[in-house]
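So the chains spell out like this:
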Amino acid sequence: MNFSRHLLSRYHKNKRDLPWRHTKDPYLIWLSEVIMQQTRIEQGTPYYEKFVSAYPTLVHLAVAEEQEVLKLWQGLGYYSRARNLHATAQLIVKEYAGKFPEAYADIRKLKGVGNYTAAAIASVCFGLPYPVMDGNVLRFISRYSGIVESIDKSEVQKRIHAFVSDHIDHKNPGDFNQAMMEFGAMVCMPKNPDCAHCIFRKSCVAFKNNTVDQIPARNEKATIRNRFIHYLVITMTFRGKDFIYLNKRTGNDIWKNLYDFPSIEHNMAQREHHLPENEFNVLLKSNRPEFLEVSDQYIHLLTHQKLHIRFYRFHSDRIIELPFFLIPLKDIHKYPVPKPVDLYIRGNIFSKKLDFAQKK
Ligand code: SF4
């Protein structure tokens, strides 16, 4: 039996029953692929189900408010994926009358759609033989072929792409691509691959050469940038009602179009428990809200950044004017916020629960 038949036969016997494997609707396949990028299946599946329920068709997604889409995405990270999904749905409605483009070149041109996602949609939905190349496929084929050079090199990726192109099943490229990814995820795993039960162990070069644990090789990791963020959580009571200031993030920094609190940022660590008072005074101007408490430091890791975050709680019993959004405190849960802010609001960063529903 050749490589492709071997792989497909195993896939049809053992594949996981995932919700998007029951459809060839390009909108749903696109949605599932975007959600699953950089995300574990167990974490992404509930998001896929929430999105399908809120936006059953591409048109439903296109007419939604961006803020609503970001709110639904909250907690999944890499928020540019949600912004691109929304913008691309609007573009497909405008330029393709709401019908998903079928040609690989047109799919690839869509915002936020790279080679991987375009190949997945083209093969699963339209039967086109474009190989998908995700981390699972790179790992599996680099081991199978015994490639000891780094898989980050474009020349190595081209070799693996050529291997997969040569072996792709032209009758069923969608299943073949899913079978490749599934094999990498379930058998040829990053740690402790199941070589003992692997259907390819007789032809796998890494297994034969006893180099499985050295492949795939990777380039040195990029350096991590440390950022020290001091959030000012400023609540205000006016005519018996509670309000809070939120900041909408703009520009090309992390969490674009999400909401957080007014903040001051340093590149250097402040001494423990040292309030960056001067900067607070600049931000608060002549306003003098009462300082209540400071949170523990919370560390949040992003791909190339390490965020060191503290929340400083202030309250005022009179009106103060600051250049941020002033919203009723009870509405704070309607806004899309990054994970550390969500954790703070839910009381998970303080050692004791901070009840945002109650005036301090
Ligand atoms: S024998 Fe081991 S390393 Fe080789 S393809 Fe199978 S699981 Fe991967």
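What counts and how
- Residues numbered from 1 in each chain as written.
- Predicted model: local features only at pLDDT ≥ 70, side-chain atom pairs only at ≥ 80, totals over all residues.
- Heavy atoms only, no water.
- Helix = DSSP H or I, 4+ residues; strand = E, 2+ residues; numbered from the N terminus.
- Contact = heavy atoms within 4.5 Å.
- Areas by Shrake-Rupley, 256 points an atom, 1.4 Å probe, with all protein chains shown as cover.
- Buried < 20%, exposed > 50% of the residue type's maximum accessible area, 1.4 Å probe, protein only.
- Pairing = 2+ DSSP bridges.
- Near = heavy atom within 4 Å.
- 1 Å grid on protein atoms, 1.4 Å probe; cavity = no way out; pocket = protein on both sides within 12 Å on 5 of 7 lines; lining within 4 Å.
- Sits in = over half its atoms within 2 Å of the grid points.
- Points joined across faces, edges and corners; volume = space filled by probe spheres on them.
- Nonpolar A, V, L, I, M, F, W, Y, C, P; charged D, E, K, R; others polar.
- Salt bridge = Lys/Arg side-chain N within 4 Å of Asp/Glu carboxyl O.
- Domains from an automatic or database assignment.
- Buried area = accessible area lost by both parts, 1.4 Å probe.

Quick look at the overall build of the protein
Here is step 1 of the chain: Assigned secondary structure in the protein consists of 14 helices and 8 strands.
Here is step 2 of the chain: Dimensions of the protein, computed from C-alpha atoms along their principal axes, come out at roughly 80 × 50 × 30 Å.
Here is step 3 of the chain: Restricting the contact set of the protein to residue pairs at least 6 apart, pairs at least 24 apart contribute 67%.
Here is step 4 of the chain: Counting every atom, the protein has about 19,000 Å² of accessible surface; 50% of that belongs to carbon and sulfur.

A word on the pairing of strand β7 (residues 305–316)
For a regular strand, side-chain orientation follows a simple rule: the groups alternate between the two sheet faces.
Here is step 1 of the chain: For β7, a buried count of 11 out of 12 residues is recorded, marking the element as mostly surrounded by other parts of the structure.
Here is step 2 of the chain: Note that strand β1 (residues 225–238) and β7 share 12 bridges and pair parallel. Paired with Phe-228 across the bridge in β7 is His-308.
Here is step 3 of the chain: Across 4 bridges, the pairing between strand β6 (residues 298–301) and β7 is antiparallel.

Topic: the site of the ligand
Here is step 1 of the chain: In the neighbourhood of the ligand, the contacting residues comprise Phe-140, Arg-143, Cys-188, Pro-193, Cys-195, Cys-198, Arg-201, Cys-204, Phe-207 and Val-212.
Here is step 2 of the chain: A majority-of-atoms criterion places the ligand in the largest cavity.

A look at empty space enclosed by the protein
Here is step 1 of the chain: Tallied over the entire structure, the rule returns 2 cavities of 30 Å³ or more.
Here is step 2 of the chain: As a volume, the largest cavity reaches approximately 130 Å³.
Here is step 3 of the chain: Around the largest cavity sit 14 residues that line it, and Cys-188, Pro-193, Cys-195, Cys-198 and Cys-204 are the ones nearest its centre.
Here is step 4 of the chain: Per element, the largest residue contribution to the lining of the largest cavity is 3 residues, and it comes from helix α9 (residues 135–144).
Here is step 5 of the chain: Lining the second largest cavity are Trp-20, Ile-29, Ser-32, Glu-33, Val-124 and Gln-178.
Here is step 6 of the chain: Ranked by the residues each element gives to the lining of the second largest cavity, the list is headed by helix α2 (residues 26–36), at 3 residues.
Here is step 7 of the chain: For the lining of the second largest cavity, a count of residues per class yields 3 nonpolar, 2 polar and 1 charged.

A closer look at the pattern of salt bridges
Here is step 1 of the chain: A complete count under the given rule lists 15 salt bridges for this structure.
Here is step 2 of the chain: Of the charged contacts in the structure, one is a salt bridge between Asp-331 and Lys-330, with a shortest N-O distance of 3.5 Å.
Here is step 3 of the chain: Classification of Lys-330 as exposed rests on a relative accessible area of 67%.
Here is step 4 of the chain: What you see here is one network of salt bridges that share partners, running through Arg-227, Arg-249, Asp-253, Asp-260 and Glu-265.

With respect to the domain arrangement of the protein
Here is step 1 of the chain: As far as domains go, the protein holds domain 1 (17–126), domain 2 (131–220) and domain 3 (225–345).
Here is step 2 of the chain: Computed over C-alpha atoms only, the centres of domain 1 and domain 2 are separated by 26 Å.
Here is step 3 of the chain: Of the residues lining the interface, 6 residues belong to domain 1; the matching set on domain 2 comes to 10 residues.
Here is step 4 of the chain: In total, about 680 Å² of surface goes out of reach between domain 1 and domain 2, with carbon and sulfur atoms giving 55% of it.
Here is step 5 of the chain: Looking only at domain 1, the three residues that lose the most surface to domain 2 are Arg-21, Tyr-116 and Ser-123, adding up to 65% of its buried area.
Here is step 6 of the chain: In this structure, the connection of domain 1 to domain 2 is made through 1 salt bridge.

Description of unusual backbone geometry
Here is step 1 of the chain: In this chain, Ile-215 is followed by Pro-216 through a cis amide linkage whose omega measures 5°.
Here is step 2 of the chain: For Pro-216, the location among the structural elements is in the loop between α12 (205–209) and β1.
Here is step 3 of the chain: Positive phi outside glycine occurs at Ala-97, with the angle close to 50°.
Here is step 4 of the chain: Mapped onto the elements of the fold, Ala-97 is located in the loop between α6 (80–95) and α7 (104–109).
Here is step 5 of the chain: Its identity as a non-glycine residue notwithstanding, Asn-210 has a phi of 60°, on the positive side.
Here is step 6 of the chain: Inspection of the secondary structure assignment puts Asn-210 in the loop between α12 and β1.

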